[in-house]
Amino acid sequence: MNWLNSEAFTLFGQHILWSDMIGNLFGLAALALGWRRSLWTWPVQFLAGLILFAAFFGHLTGSAGKQAVVMAVALYGWWQWNRGRGQAQDGHIAVRFATWRERAALAAAAAAGTVAVALLFKAYPTLSWDPWPDAYIFVGTIVAMYAQARGMVEFWFAWLLVDLVGVPLTFANGYAFSGFVYVIYGALVLWGLRDWWLRSREAARPVLEGAPA
């Protein structure tokens, strides 16, 4: 798997590795499939994590460990969406807004998780390039994937919050290619948010007696 860490091309003076390029492309595909509520979003997400895990394993233990968690959540999402297939009229999963209790639980998990992971990264500096932002992005990604697995519209808001840190951070550190990819992520998130938002309102709208479903 050494070829994954070799250079694919140079863009904006940045050396793009095969692992970075493939991982970003699979990530974009997974997000687009999630927007369409396709079950394939989870195998694609799992494959992206597997590729990055193979690229990092052996020399970047922390990054490999993060990808292992991403793959585990992708398996959970696959199982959860398999259970929920057919709930919507079009045969896909039904989407909804989280309850206030669920929102509080997601926010608490994100806050506590970020602090715990950041402290772990600070205790073991080899696990992370920058403990606090890295922990925020990592935990935010996991929370977003969990909310997606549960069919919550808040999943898109979680991705937006991750992008708010991820985009300026990648540009500031000179990673222009990854920064532009995050911008595309942001556009997909806004379109996906609109689609899921409208679908959640349609699902919540009562059907009048005698009216066609």
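This structure is a prediction, so every number in the text was calculated from the model and none was measured.

**Concerning the nonpolar core**
Grouped together as the largest cluster of nonpolar side chains are 39 residues, with contacts concentrated most on L31, F155, W156, W159 and W196. At the level of elements, α1 (18–35), α3 (61–84), α4 (100–123), α5 (131–149), α6 (154–172) and α7 (176–204) are the ones that each hand at least two residues to this core. Here the element with the most residues in this core is α5; it accounts for ten residues. If sequence neighbours within four positions are ignored, W159 has contacts with L31, T141, A144 and V189.

**Let's talk about the pattern of salt bridges**
A full pass over the atoms with the stated rule returns three salt bridges. Between R96 and E102 there is a salt bridge, with the nearest N and O atoms lying 2.9 Å from each other. Exposure remark for R96: the relative accessible area of 31% places this residue in the partly exposed category. Close ionic contact of R199 with D195 constitutes a salt bridge, the shortest N to O distance being 2.9 Å. One end of the pair is R199 and the other is D195, both in helix α7 and four residues apart, which spans about a single turn.

**Details of the packing of α4 against α5**
Relative to each other, α4 and α5 sit at 145 degrees, their axes nearing to 8 Å. Note that α4 runs across α5; the crossing there is right-handed. For the pair α4 and α5, contact is made by L106, A109, A110, G113, T114, V115, V117, A118, F121 and K122 and by P131, W132, D134, A135, Y136, F138, V139, V143, Y146 and A147, respectively. Considered class by class, the residues forming the contact of α4 with α5 number 16 nonpolar, two polar and two charged.

**Side note on the packing of aromatic side chains**
Tallying each qualifying case throughout the model produces ten aromatic pairs. Centre to centre, the rings of Y76 and W79 are 6.0 Å apart; their planes meet at 40 degrees, and the pair counts as tilted. Of this pair, Y76 and W79 are both found in helix α3, three residues apart, which corresponds to roughly one turn of the helix. Plain terms: the ring middles of W81 and W196 are 6.4 Å apart, the flat faces sit at 40 degrees to each other, and that makes the pair tilted. One end of the pair, W81, is in helix α3; the other, W196, is in helix α7, with 115 residues separating them in the sequence.

Criteria and cut-off values
Residues numbered from 1 in each chain as written. Predicted model: local features only at pLDDT ≥ 70, side-chain atom pairs only at ≥ 80, totals over all residues. Heavy atoms only, no water. Core = buried A, V, L, I, M, F, W, Y, C linked by side-chain atoms within 4.5 Å. Buried < 20%, exposed > 50% of the residue type's maximum accessible area, 1.4 Å probe, protein only. Helix = DSSP H or I, 4+ residues; strand = E, 2+ residues; numbered from the N terminus. Contact = heavy atoms within 4.5 Å. Salt bridge = Lys/Arg side-chain N within 4 Å of Asp/Glu carboxyl O. Axes fitted to C-alpha atoms, helices over the stretch in contact; angles between N-to-C directions. Left-handed = near helix turned anticlockwise from the far one by under 90°. Nonpolar A, V, L, I, M, F, W, Y, C, P; charged D, E, K, R; others polar. Phe/Tyr/Trp six-rings, centres within 6.5 Å; stacked < 30°, edge-to-face > 60°.

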